[in-house]
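Working through the structure, step by step
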Amino acid sequence: MPSGRVVAAHGRHFHVESSEGVVECVMRGKKGGIACGDRVRFEHIPSGGGVIEEVETRDNLLYRSDEMRSKLIAANVDQAAVVVAAVPYFREELLIRCLVACETAGIPALIVLNKTDLPETAALAEYLKTYAGLGYEIVALSARGDMSALEACLRGRTSVLVGGSGVGKSTLLNRLVPDAAAATGDISVALDAGKHTTTHARMYRLPESAIPLTPTFSAASGKVELQVAGAGYLIDSPGMQEFGLRHLDPAALMAAFPEIRERAGQCRFYNCRHLREPGCAVLEAAKTGAVAAARLRAYQSLMGQLSSGP
Ligand code: GDP
Ligand code: ZN
(Lines give C-alpha, C1' and ligand atoms only; values in the text may rest on other atoms or scores of the structure.)
(Ligands and ions follow the chains in the order given, each with its own letter.)
Protein backbone atom coordinates (compact mmCIF):
# COMPACT_ATOMS: atom_id res chain seq x y z
CA MET A 1 0.00 0.00 0.00
CA PRO A 2 1.39 3.46 -0.82
CA SER A 3 2.08 5.73 2.09
CA GLY A 4 2.13 9.48 2.45
CA ARG A 5 1.46 12.46 4.66
CA VAL A 6 -1.83 14.30 4.96
CA VAL A 7 -1.20 17.85 3.76
CA ALA A 8 -4.80 19.07 3.74
CA ALA A 9 -7.78 17.96 5.79
CA HIS A 10 -11.26 19.16 5.05
CA GLY A 11 -14.07 17.17 6.61
CA ARG A 12 -13.73 13.66 5.23
CA HIS A 13 -11.54 14.74 2.30
CA PHE A 14 -7.79 14.72 2.44
CA HIS A 15 -4.82 15.50 0.27
CA VAL A 16 -2.05 12.99 0.80
CA GLU A 17 1.44 13.80 -0.41
CA SER A 18 3.21 10.62 -1.51
CA SER A 19 6.04 9.63 -3.82
CA GLU A 20 3.55 9.89 -6.72
CA GLY A 21 2.52 13.45 -5.90
CA VAL A 22 -0.59 14.63 -4.11
CA VAL A 23 -3.45 12.12 -4.10
CA GLU A 24 -6.99 13.10 -3.16
CA CYS A 25 -8.25 10.65 -0.61
CA VAL A 26 -11.33 9.95 1.40
CA MET A 27 -11.59 8.22 4.72
CA ARG A 28 -13.21 4.85 5.00
CA GLY A 29 -15.87 4.23 7.63
CA LYS A 30 -16.11 6.01 10.93
CA LYS A 31 -12.55 5.68 12.10
CA GLY A 32 -11.22 7.93 14.83
CA GLY A 33 -10.37 10.75 12.48
CA ILE A 34 -7.43 11.91 10.46
CA ALA A 35 -5.50 15.11 10.97
CA CYS A 36 -3.30 17.27 8.82
CA GLY A 37 0.22 15.96 9.38
CA ASP A 38 -0.85 12.34 9.80
CA ARG A 39 1.23 9.66 8.11
CA VAL A 40 -1.16 7.30 6.38
CA ARG A 41 -1.40 4.31 4.04
CA PHE A 42 -3.90 4.44 1.25
CA GLU A 43 -5.31 2.31 -1.55
CA HIS A 44 -5.99 3.62 -5.04
CA ILE A 45 -9.56 3.46 -6.25
CA PRO A 46 -10.47 2.87 -9.91
CA SER A 47 -12.39 6.13 -10.26
CA GLY A 48 -9.23 8.03 -9.26
CA GLY A 49 -7.94 9.18 -5.93
CA GLY A 50 -7.59 6.95 -2.94
CA VAL A 51 -9.02 5.68 0.30
CA ILE A 52 -7.07 6.03 3.50
CA GLU A 53 -6.84 2.61 5.09
CA GLU A 54 -4.49 3.17 7.98
CA VAL A 55 -3.14 5.99 10.13
CA GLU A 56 0.35 5.37 11.46
CA THR A 57 1.00 5.77 15.16
CA ARG A 58 1.29 9.48 15.91
CA ASP A 59 4.12 11.21 17.72
CA ASN A 60 1.49 13.62 19.02
CA LEU A 61 -1.89 15.09 18.20
CA LEU A 62 -3.20 18.57 18.90
CA TYR A 63 -6.96 18.71 19.17
CA ARG A 64 -9.83 20.47 20.81
CA SER A 65 -13.20 19.12 21.76
CA ASP A 66 -16.62 20.32 22.74
CA GLU A 67 -19.56 18.31 24.10
CA MET A 68 -20.27 16.90 20.67
CA ARG A 69 -16.98 15.78 19.25
CA SER A 70 -13.28 16.39 18.98
CA LYS A 71 -11.71 18.48 16.26
CA LEU A 72 -8.29 17.36 15.18
CA ILE A 73 -5.95 20.26 14.48
CA ALA A 74 -2.60 18.73 13.58
CA ALA A 75 -0.56 15.57 14.10
CA ASN A 76 3.18 14.85 14.29
CA VAL A 77 4.38 18.39 14.89
CA ASP A 78 7.54 19.62 16.61
CA GLN A 79 5.93 22.73 18.02
CA ALA A 80 2.87 24.96 18.02
CA ALA A 81 3.06 28.69 17.36
CA VAL A 82 0.17 30.37 19.16
CA VAL A 83 -0.49 33.78 17.64
CA VAL A 84 -1.86 36.59 19.82
CA ALA A 85 -2.37 40.30 19.25
CA ALA A 86 -3.54 43.30 21.26
CA VAL A 87 -5.76 44.43 18.37
CA PRO A 88 -8.66 43.82 17.92
CA TYR A 89 -8.26 42.40 21.45
CA PHE A 90 -6.18 40.00 23.49
CA ARG A 91 -8.08 36.90 24.50
CA GLU A 92 -6.10 35.43 27.34
CA GLU A 93 -8.49 32.58 27.96
CA LEU A 94 -8.05 31.39 24.38
CA LEU A 95 -4.27 31.60 24.75
CA ILE A 96 -4.41 29.59 27.97
CA ARG A 97 -6.63 26.96 26.39
CA CYS A 98 -4.28 26.61 23.43
CA LEU A 99 -1.30 26.26 25.78
CA VAL A 100 -3.13 23.71 27.92
CA ALA A 101 -3.90 21.63 24.82
CA CYS A 102 -0.23 21.82 23.77
CA GLU A 103 1.02 20.84 27.22
CA THR A 104 -1.37 17.91 27.34
CA ALA A 105 -0.33 16.74 23.89
CA GLY A 106 3.36 17.10 24.78
CA ILE A 107 3.88 19.75 22.10
CA PRO A 108 6.24 22.66 22.91
CA ALA A 109 4.45 25.98 22.44
CA LEU A 110 5.80 29.26 21.19
CA ILE A 111 3.81 32.46 21.67
CA VAL A 112 3.87 34.77 18.65
CA LEU A 113 2.92 38.32 19.57
CA ASN A 114 1.90 39.95 16.31
CA LYS A 115 1.27 43.61 15.40
CA THR A 116 4.22 45.17 17.24
CA ASP A 117 3.83 48.13 14.88
CA LEU A 118 0.70 49.16 16.80
CA PRO A 119 1.13 51.22 20.01
CA GLU A 120 -1.42 49.01 21.83
CA THR A 121 1.02 46.10 21.64
CA ALA A 122 3.59 47.45 24.13
CA ALA A 123 1.40 46.80 27.16
CA LEU A 124 0.64 43.28 26.01
CA ALA A 125 4.33 42.57 25.46
CA GLU A 126 4.90 43.61 29.06
CA TYR A 127 2.00 41.48 30.28
CA LEU A 128 3.27 38.41 28.43
CA LYS A 129 6.44 38.43 30.55
CA THR A 130 4.44 36.20 32.91
CA TYR A 131 4.37 33.62 30.14
CA ALA A 132 8.07 33.96 29.48
CA GLY A 133 8.53 33.30 33.19
CA LEU A 134 6.56 30.08 32.80
CA GLY A 135 9.01 28.92 30.16
CA TYR A 136 7.20 29.81 26.96
CA GLU A 137 9.31 31.32 24.23
CA ILE A 138 7.86 34.59 22.96
CA VAL A 139 8.49 36.03 19.53
CA ALA A 140 7.25 39.58 19.06
CA LEU A 141 6.96 40.85 15.51
CA SER A 142 4.82 42.58 12.95
CA ALA A 143 3.49 40.65 9.99
CA ARG A 144 4.14 43.90 8.15
CA GLY A 145 7.77 44.05 9.21
CA ASP A 146 10.80 41.90 9.87
CA MET A 147 9.89 38.22 10.11
CA SER A 148 13.36 36.78 10.64
CA ALA A 149 12.91 35.94 14.33
CA LEU A 150 9.89 33.76 13.58
CA GLU A 151 11.50 32.25 10.50
CA ALA A 152 14.43 31.19 12.65
CA CYS A 153 12.08 29.41 15.07
CA LEU A 154 10.30 27.55 12.28
CA ARG A 155 13.37 26.47 10.36
CA GLY A 156 13.83 22.73 9.97
CA ARG A 157 10.78 21.89 12.06
CA THR A 158 7.15 21.05 11.55
CA SER A 159 5.04 23.67 13.27
CA VAL A 160 1.34 24.31 13.59
CA LEU A 161 0.04 27.86 13.60
CA VAL A 162 -2.95 28.42 15.88
CA GLY A 163 -4.80 31.46 17.14
CA GLY A 164 -8.07 33.30 17.32
CA SER A 165 -9.36 35.05 14.25
CA GLY A 166 -8.16 38.58 13.60
CA VAL A 167 -4.72 38.12 15.18
CA GLY A 168 -3.05 38.14 11.76
CA LYS A 169 -2.52 34.45 11.18
CA SER A 170 -3.29 34.61 7.44
CA THR A 171 -1.05 37.64 7.01
CA LEU A 172 1.80 35.83 8.77
CA LEU A 173 1.24 32.72 6.67
CA ASN A 174 1.40 34.76 3.47
CA ARG A 175 4.69 36.24 4.55
CA LEU A 176 6.16 32.89 5.56
CA VAL A 177 4.87 31.01 2.51
CA PRO A 178 4.48 33.63 -0.21
CA ASP A 179 2.50 31.37 -2.54
CA ALA A 180 0.09 30.19 0.13
CA ALA A 181 -2.44 32.72 -1.15
CA ALA A 182 -4.48 32.28 1.97
CA ALA A 183 -7.20 34.89 1.99
CA THR A 184 -6.45 37.57 4.53
CA GLY A 185 -9.16 39.38 6.38
CA ASP A 186 -8.88 42.35 4.04
CA ILE A 187 -9.76 40.19 1.06
CA SER A 188 -12.44 38.13 2.73
CA VAL A 189 -14.14 41.25 4.01
CA ALA A 190 -14.49 42.35 0.40
CA LEU A 191 -15.57 38.98 -0.91
CA ASP A 192 -17.54 37.46 1.81
CA ALA A 193 -19.08 40.01 4.14
CA GLY A 194 -16.36 39.61 6.74
CA LYS A 195 -16.44 35.83 6.97
CA HIS A 196 -13.06 34.30 7.43
CA THR A 197 -12.26 31.86 4.68
CA THR A 198 -9.77 29.34 6.05
CA THR A 199 -12.00 26.39 6.76
CA HIS A 200 -9.53 23.58 6.77
CA ALA A 201 -6.05 22.72 7.93
CA ARG A 202 -3.22 22.74 5.40
CA MET A 203 0.43 21.90 5.53
CA TYR A 204 2.93 24.07 3.64
CA ARG A 205 6.58 23.56 2.96
CA LEU A 206 8.53 26.62 3.98
CA PRO A 207 10.41 28.08 1.02
CA GLU A 208 13.98 27.08 0.39
CA SER A 209 15.13 30.66 0.76
CA ALA A 210 14.27 30.41 4.43
CA ILE A 211 16.69 27.54 4.84
CA PRO A 212 19.94 28.63 6.45
CA LEU A 213 23.32 27.25 5.71
CA THR A 214 24.70 25.75 8.89
CA PRO A 215 28.43 25.29 9.39
CA THR A 216 29.02 21.62 10.17
CA PHE A 217 32.29 19.80 10.74
CA SER A 218 32.80 17.12 8.11
CA ALA A 219 34.90 14.18 9.23
CA ALA A 220 35.38 13.16 5.59
CA SER A 221 37.07 16.37 4.51
CA GLY A 222 38.32 17.35 7.93
CA LYS A 223 36.90 20.82 7.33
CA VAL A 224 33.95 22.90 8.39
CA GLU A 225 31.44 22.89 5.53
CA LEU A 226 28.23 24.74 4.94
CA GLN A 227 25.27 22.39 4.86
CA VAL A 228 21.64 23.00 4.11
CA ALA A 229 19.59 22.35 7.22
CA GLY A 230 16.27 20.58 6.73
CA ALA A 231 13.40 22.65 5.37
CA GLY A 232 10.46 23.34 7.61
CA TYR A 233 6.78 22.65 7.37
CA LEU A 234 3.97 24.81 8.60
CA ILE A 235 0.44 23.63 9.25
CA ASP A 236 -2.16 26.38 9.18
CA SER A 237 -5.33 25.67 11.08
CA PRO A 238 -8.62 27.52 10.80
CA GLY A 239 -8.83 30.55 13.09
CA MET A 240 -10.78 29.57 16.15
CA GLN A 241 -13.33 31.38 18.28
CA GLU A 242 -13.18 28.87 21.09
CA PHE A 243 -11.05 26.00 22.17
CA GLY A 244 -13.00 23.26 23.90
CA LEU A 245 -11.10 21.07 26.33
CA ARG A 246 -13.75 18.52 27.24
CA HIS A 247 -11.29 15.71 26.73
CA LEU A 248 -9.17 16.63 29.74
CA ASP A 249 -9.37 15.08 33.18
CA PRO A 250 -8.49 17.00 36.37
CA ALA A 251 -5.02 15.48 36.67
CA ALA A 252 -4.17 16.43 33.08
CA LEU A 253 -5.48 19.93 33.63
CA MET A 254 -3.35 20.49 36.74
CA ALA A 255 -0.30 19.15 34.94
CA ALA A 256 -0.87 21.54 32.03
CA PHE A 257 -0.21 24.66 34.13
CA PRO A 258 3.54 24.83 34.82
CA GLU A 259 3.08 27.06 37.89
CA ILE A 260 0.55 24.62 39.40
CA ARG A 261 2.46 21.52 38.40
CA GLU A 262 5.58 22.72 40.21
CA ARG A 263 3.68 23.50 43.45
CA ALA A 264 1.41 20.47 43.55
CA GLY A 265 3.49 18.59 46.13
CA GLN A 266 3.47 21.54 48.54
CA CYS A 267 -0.26 21.64 49.29
CA ARG A 268 -1.56 20.31 52.61
CA PHE A 269 -3.79 17.75 50.92
CA TYR A 270 -2.23 15.37 48.46
CA ASN A 271 -5.37 15.51 46.30
CA CYS A 272 -5.72 19.31 46.51
CA ARG A 273 -7.54 20.74 43.50
CA HIS A 274 -6.37 24.30 44.26
CA LEU A 275 -9.89 25.66 44.39
CA ARG A 276 -10.61 26.63 48.01
CA GLU A 277 -8.66 24.10 50.05
CA PRO A 278 -6.84 25.27 53.21
CA GLY A 279 -3.07 25.06 53.05
CA CYS A 280 -3.05 25.24 49.27
CA ALA A 281 0.36 26.32 47.98
CA VAL A 282 -1.11 27.51 44.67
CA LEU A 283 -3.69 29.78 46.33
CA GLU A 284 -1.00 31.13 48.67
CA ALA A 285 1.25 31.88 45.69
CA ALA A 286 -1.62 33.66 43.95
CA LYS A 287 -1.95 35.98 46.98
CA THR A 288 1.63 37.16 46.59
CA GLY A 289 1.33 37.40 42.81
CA ALA A 290 3.76 34.54 42.22
CA VAL A 291 0.93 32.79 40.39
CA ALA A 292 -0.85 35.19 38.02
CA ALA A 293 -4.46 35.91 38.95
CA ALA A 294 -5.77 35.50 35.40
CA ARG A 295 -4.06 32.13 35.04
CA LEU A 296 -5.48 30.87 38.34
CA ARG A 297 -8.96 32.08 37.37
CA ALA A 298 -8.73 30.32 34.01
CA TYR A 299 -7.54 27.13 35.69
CA GLN A 300 -10.34 27.21 38.24
CA SER A 301 -12.97 27.90 35.61
CA LEU A 302 -11.68 25.02 33.46
CA MET A 303 -11.69 22.75 36.50
CA GLY A 304 -15.27 23.78 37.26
CA GLN A 305 -16.32 22.93 33.73
CA LEU A 306 -14.70 19.51 33.92
CA SER A 307 -16.36 18.61 37.19
CA SER A 308 -19.78 19.70 35.95
CA GLY A 309 -19.40 17.73 32.72
CA PRO A 310 -21.05 14.38 32.00
P1 GDP B 1 -6.45 36.12 10.89
O2 GDP B 1 -7.92 36.17 11.12
O3 GDP B 1 -5.73 35.78 12.11
O4 GDP B 1 -6.06 35.27 9.72
O5 GDP B 1 -6.01 37.63 10.60
P6 GDP B 1 -5.65 38.39 9.24
O7 GDP B 1 -4.34 37.94 8.73
O8 GDP B 1 -6.80 38.31 8.32
O9 GDP B 1 -5.47 39.85 9.81
C10 GDP B 1 -6.50 40.55 10.48
C11 GDP B 1 -6.27 42.03 10.29
O12 GDP B 1 -5.08 42.43 10.97
C13 GDP B 1 -6.07 42.42 8.84
O14 GDP B 1 -6.71 43.66 8.63
C15 GDP B 1 -4.56 42.54 8.69
O16 GDP B 1 -4.18 43.43 7.69
C17 GDP B 1 -4.19 43.06 10.07
N18 GDP B 1 -2.82 42.71 10.44
C19 GDP B 1 -2.22 41.50 10.39
N20 GDP B 1 -0.95 41.56 10.84
C21 GDP B 1 -0.73 42.85 11.21
C22 GDP B 1 0.39 43.54 11.77
O23 GDP B 1 1.45 43.00 12.05
N24 GDP B 1 0.19 44.87 12.02
C25 GDP B 1 -0.97 45.51 11.76
N26 GDP B 1 -1.05 46.81 12.04
N27 GDP B 1 -2.03 44.88 11.24
C28 GDP B 1 -1.92 43.58 10.97
ZN1 ZN C 1 -3.49 23.23 46.26
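Refer to the structure printed above.
Residues numbered from 1 in each chain as written. Chains lettered and ligands numbered in written order. Predicted model: local features only at pLDDT ≥ 70, side-chain atom pairs only at ≥ 80, totals over all residues. Heavy atoms only, no water.

**A few points about the coordination of the zinc ion (ligand 2)**
Summarising the metal site, the zinc ion (ligand 2) is bound by the protein donors C267 (SG), C272 (SG), H274 (ND1) and C280 (SG), whose distances to it range over 2.1 to 2.4 Å. If you look at the zinc ion (ligand 2), its 4 donor atoms make angles of 104 to 115° with each other, and the shape they trace is tetrahedral. Considered as a linear motif, the donors of the zinc ion (ligand 2) on their single chain read C-x4-C-x1-H-x5-C. Looking at C272, the relative accessible area reads 4%, which means it is buried. Judged by relative accessible area, C280 falls into the buried class, the value being 2%. (Donors = N, O, S within 2.8 Å, 3.2 Å for Na, K, Ca; no water. Tetrahedral: all angles 85-135°; square planar, octahedral: opposite > 155°, others 65-115°. Buried < 20%, exposed > 50% of the residue type's maximum accessible area, 1.4 Å probe, protein only.)

**A short note on the pairing of strand β15 (residues 233–236)**
Consecutive side chains along a regular strand alternate between the two faces of the sheet. Relative to β15, strand β11 (residues 158–163) runs parallel, the two being bridged by 4 bridges. Paired with S159 across the bridge in β15 is L234. Pairing of strand β12 (residues 201–205) with β15, which is carried by 4 bridges, proceeds in the antiparallel orientation. Within β15, the position partnered with R205 by the bridge is Y233. (Pairing = 2+ DSSP bridges. Helix = DSSP H or I, 4+ residues; strand = E, 2+ residues; numbered from the N terminus.)

**As for the pairing of strand β5 (residues 50–55)**
Across 3 bridges, strand β3 (residues 21–27) lies against β5 in parallel orientation. Within the sheet, the bridge partner assigned to M27 lies in β5 and is I52. In this sheet, β5 lies alongside strand β4 (residues 39–44) in antiparallel orientation, the contact comprising 5 bridges. Directly across from R41, in β5, lies its bridge partner E54. Where β4 folds back onto β5 in an antiparallel hairpin, the turn is made up of 5 residues, including G48, whose phi is positive at roughly 105°.

**Remarks on helix α5 (residues 169–176)**
Taken across its 8 residues, α5 has 6 buried, putting it largely inside the fold. Buried within α5 we find K169, S170, L172, L173, N174 and L176. Buried residues in α5 make contact with β8 (79–84), β9 (109–113), α4 (148–154), β11, β12 and β15. (Contact = heavy atoms within 4.5 Å.)

**Observations regarding the side chain of T121**
For T121, the location among the structural elements is in helix α2 (residues 121–127). Apart from residues no more than four positions distant in its own chain, T121 is found in contact with A86, L113, N114, K115 and T116.

**Quick word on the nonpolar core**
Core analysis: the biggest nonpolar cluster contains 64 residues, and I52 and V160 have the highest contact counts within it. At 8 residues, the largest contribution of residues to this core is made by helix α1 (residues 92–105). Counting residues in each nonpolar core, the second largest holds 22 residues, with A85, L110, L141 and L172 among its members. (Core = buried A, V, L, I, M, F, W, Y, C linked by side-chain atoms within 4.5 Å.)

**Notes on the state of the cysteines**
Per the stated rule, a full pass over the model turns up 0 disulfides. The thiol of C102 is not disulfide-bonded; the next cysteine sulfur, from C98, is found 6.7 Å away. (Disulfide = S-S within 2.5 Å.)

**Observations concerning the pattern of salt bridges**
Evaluated as defined, the whole model comprises 11 salt bridges. The closest approach of N and O atoms between E53 and R28, which form a salt bridge, is 2.6 Å. Here R28 lies in the loop between β3 and β4 and E53 lies in strand β5, a separation of 25 residues in the sequence. Residue classification places E53 among the partly exposed residues on the basis of a relative accessible area of 22%. The class of R28 is partly exposed, set by a relative accessible area of 45%. R58 is the partner of D38 in a salt bridge, and the nearest nitrogen-oxygen pair spans 2.8 Å. Here D38, found in the loop between β3 and β4, pairs with R58, found in the loop between β5 and β6 (61–65); they are 20 residues apart in sequence, far enough to count as distant. What makes R58 partly exposed here is its relative accessible area of 28%. (Salt bridge = Lys/Arg side-chain N within 4 Å of Asp/Glu carboxyl O.)

**Side note on helix α9 (residues 281–288)**
Along α9, the positions that sit buried rather than exposed are A281, V282, L283 and A285. The positive-phi residue at the C-terminal boundary of α9 is G289, with phi of around 90°.

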